[in-house]
Amino acid sequence: MAFYVTTPIYYVNAEPHLGHAYTTIAADVFARHMRQRGDDVFFLTGTDEHGEPVELAAEREGISPQELADRNAPRFEAMAASVNASNDFFIRTSDERHTDRVAEIMQRVHDNGHVYEGAYEGWYCPRCADFKTERELGPGNTCPIHEIPLELEREQNWFFKLSAFEDDLKRLYAERPDFVVPDFRRNEAVAFIERGLQDVSLSRSKLNWGMPLPWDRSQRMYVWFDALLNYVTALAFAREGQDLTERFWPAAFHVLAKDILKFHAVIWPALLMAAGLQPPRGMVIHGYLLMGEKKMSKSLGNVLDPFEVIERFGADALRFYCLREVSFGQDGSVSAPGFEARYESELANDFGNLASRTLAMLDRYRDGVVPEAGPDPALAGGEGGIEGLAAEVSELIDRAEPSQALEAIWARVRRLNRYVEETRPFDLAKDEAQAGRLDQVLASLAEGVRVVTLALVPFIPDAAGRLLDALGEPERTLAEFGSRGGGARVERIPPLFPKIED
Ligand SMILES: [Zn+2]
């Protein structure tokens, strides 16, 4: 199965921040999980380099838009690397290989009769690079997102006949109930379509930094058209000498934040249809990480800076915290003290200690070799049982619920810790007559930790990889409890998540 996951391409007019990191982390979790399941995965991220926001930012700095893009794009590429994203390609929309293909596709939209020339009057937000309908305006004709007063702009330009796709879009949503998840976001998109679609401006005459329309070079393409098309164009040139379009389109799964829902859930599928292309397989819309309490934490001060977290605690800790603290899809608060609390109680204590104890006991009592013994049925079933974890996690990821998947995994981490308390292997080890039982307990623990850690690979790839190596597990695919026998050689390793120094 092909699985093509994308982040939005990020605007190069600003610095990468937690919001960009969050979307990239989530997309990476989907990519890594689907690779574990043996899917043919392609993961794309990149930068959006045209349009008025970039032009304005460059002007303020007294440099050209291309210079600004060339300076800032590598920062976004470095951000992806710093959160340990496993993206297969990084696209930049000022790349000629992209713009050439955009011109081809837009020419097709034109030739198919889906554009016309007209006069436009509307409320334009230069920071959104978007016109607002009356319904979308904030109080006093402001942008509700940027809270700045908007100007009523009037000009002659080209329009995309979005209204002509109303029925096609309604049909798409009726036929594919999971085209947009979560449900409340899907309902938002459907409500937007059902209120009646207005045609959208496709070009701007006053803009300098943007692609010329292939059929009217006096007009520059409205940046969203060029930006959205990156999801298709990248496949044609991401691999030297190969065109991946057939292989990965329409297997696309877009990950994005709620502020760009309308572009992705309404305009994008319509544009694809207008070009004679298939809509993507689907998309997940996530909420915002809100900076919560500004209380001092012992290591990070009072601001949660994602890059400082990565530098001090590693990418795994940030990845885990973002997806664990806030249920993916909802808005939620994050904070430096909140990060420390999760890090200490869950990563260092629940998981880190479980890993250290398991490896230490195997080393001390069985010379570092997992005993040959069937897995303890007491650990397999019931609440928090290890059995069925791989299937449950897969189902939750298929529903685009990574936070729930993480919760399912954590229920097993806690179950394994309780198992140690209940079975007391350190007492069993003092009694020769209990050697068989100790074999079973240690084998079950090793197996439980292995299965849980495999499920954690997409979330905390670095720590999970180190622990699996220490458990003598070369594979990274998901496994079911009891699927591996004994005999593996394990070794003790330093704490995966060292405690925070006071
Ligand atoms: Zn705005």
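Refer to the structure above for everything that follows.
Presented here is an overview of the structure given in this document. Note that the structure is predicted; figures quoted are calculated from it, not measured. (Residues numbered from 1 in each chain as written. Predicted model: local features only at pLDDT ≥ 70, side-chain atom pairs only at ≥ 80, totals over all residues. Heavy atoms only, no water.)

Focus on the environment of P498
Following the sequence through the fold, P498 ends up in the segment after α19 (461–470). For P498, a relative accessible area of 46% gives the class partly exposed. As for P498 and L347, which are separated by 151 residues in sequence, their C-alpha atoms are 9.0 Å apart. (Helix = DSSP H or I, 4+ residues; strand = E, 2+ residues; numbered from the N terminus. Buried < 20%, exposed > 50% of the residue type's maximum accessible area, 1.4 Å probe, protein only.)

Observations concerning unusual backbone geometry
Here the bond from V181 into P182 is cis, since omega is -5°, no more than 30 degrees from zero. Looking at where P182 falls in the secondary structure, it is placed in the loop between β8 (180–181) and α6 (183–194). Note that the residue after W249, namely P250, is joined by a cis bond; omega there is 10°. Mapping P250 onto the fold places it in the loop between α9 (245–248) and β13 (252–257). Although it is not a glycine, D367 sits at a positive phi angle of roughly 55°. Tracing the sequence through the fold places D367 in the loop between α13 (336–366) and α14 (377–380). Look at D367 and you get exposed, because its relative accessible area is 62%.

Observations concerning the side chain of E55
Take E55: it is sitting in helix α2 (residues 52–61). Buried E55, no salt bridge; nearest opposite-charge side chain is R220, N-O distance 8.3 Å. Within the local environment of E55, its side chain forms a polar contact with the side chain of N208, the two groups lying 3.2 Å apart. (Lys, Arg positive; Asp, Glu negative; His and termini not counted. Salt bridge = Lys/Arg side-chain N within 4 Å of Asp/Glu carboxyl O. Polar contact = N/O pair within 3.5 Å; in protein donor to acceptor, adjacent residues only side chain to side chain.)

With respect to the sheet that holds strand β5 (residues 115–125)
Spatial strand order, β6-β5-β7-β9: four strands in an open sheet with antiparallel pairing. Whereas interior strands pair on both sides, the edge strands pair on one side only; in this sheet they are β6 (130–132) and β9 (200–201). In this structure, β5 lies alongside strand β7 (residues 151–160), joined through 10 bridges in antiparallel fashion. Note on β7: the bridge partner recorded for G122 is E153. (Pairing = 2+ DSSP bridges.)

Some words on α2
For α2, every residue scored as buried is listed here: E52, P53, V54, E55, A57 and A58. Residues of α2 that are buried in the fold lie against β2 (10–11), β3 (40–48), α3 (65–82), β5 and β10 (203–204). Note on α2: the residue one or two positions beyond its end, G62, has a positive phi of about 70°. (Contact = heavy atoms within 4.5 Å.)

Let's talk about the coordination of the zinc ion
Taken together, the protein donors to the zinc ion comprise C125 (SG), C128 (SG), C143 (SG) and H146 (ND1), at separations of 2.0 to 2.3 Å. Here the zinc ion is ringed by four donor atoms whose angles at the metal span 100 to 114°, and the overall shape comes out tetrahedral. Each donor residue of the zinc ion belongs to the same chain, with the gaps between them written as C-x2-C-x14-C-x2-H. Accessibility expressed as a relative area gives 0% for C125, which makes it buried. (Donors = N, O, S within 2.8 Å, 3.2 Å for Na, K, Ca; no water. Tetrahedral: all angles 85-135°; square planar, octahedral: opposite > 155°, others 65-115°.)

Describing the packing of helix α12 (residues 315–325) against α13
The interhelical angle for the contact between α12 and α13, taken along N-to-C directions, is 100°, at an axis separation of 10 Å. Classified by the angle between their axes, α12 and α13 sit roughly perpendicular to one another. Here A317, L318, F320, Y321, R324 and E325 of α12 lie close against α13, whose contacting residues are G338, F339, R342, Y343, E346 and L347. (Axes fitted to C-alpha atoms, helices over the stretch in contact; angles between N-to-C directions. Parallel < 35°, antiparallel > 145°, perpendicular 65-115°, else oblique.)

A short note on the sheet that holds strand β12 (residues 216–221)
Strand order in this open sheet of three strands is β10-β12-β11, and the pairing throughout is antiparallel. In this open sheet, the two edge strands, each paired with only one partner strand, are β10 and β11 (212–213). Of the pairings in the sheet, the one linking β10 to β12 comprises two bridges and is antiparallel in character. Paired with S203 across the strands is M221, a residue of β12.

What about the side chain of R186?
Among the structural elements, R186 can be located in helix α6. A polar side-chain atom of R186 sits 2.6 Å from the main-chain carbonyl oxygen of Y173. Here the side chain of R186 touches P177 through a polar contact of 3.0 Å, landing on its backbone oxygen. Every residue in contact with R186, bar those within four places of it in the chain, is listed here: Y173, A174, R176, P177 and V180.

Overview of the packing of aromatic side chains
Tallying each qualifying case throughout the model produces 29 aromatic pairs. A ring pair is formed by F42 and F248, whose centres lie 5.5 Å apart and whose planes are at 40°; its orientation type is tilted. Remark: F248 occurs in helix α9 and F42 occurs in strand β3; sequence separation between them is 206 residues. By relative accessible area, F42 is classed as buried at 3%. In this structure an aromatic cluster arises from ring pairing among Y4, F42, Y231, F248, W249 and W268. Between K258 and the ring centre of Y288, over which it is positioned, the NZ or CZ distance is 4.6 Å. Stacked on the ring of F263, the Lys or Arg K262 has its end atom at 5.4 Å from the ring centre. (Phe/Tyr/Trp six-rings, centres within 6.5 Å; stacked < 30°, edge-to-face > 60°. Lys NZ or Arg CZ within 6 Å of the ring centre and 35° of its normal.)

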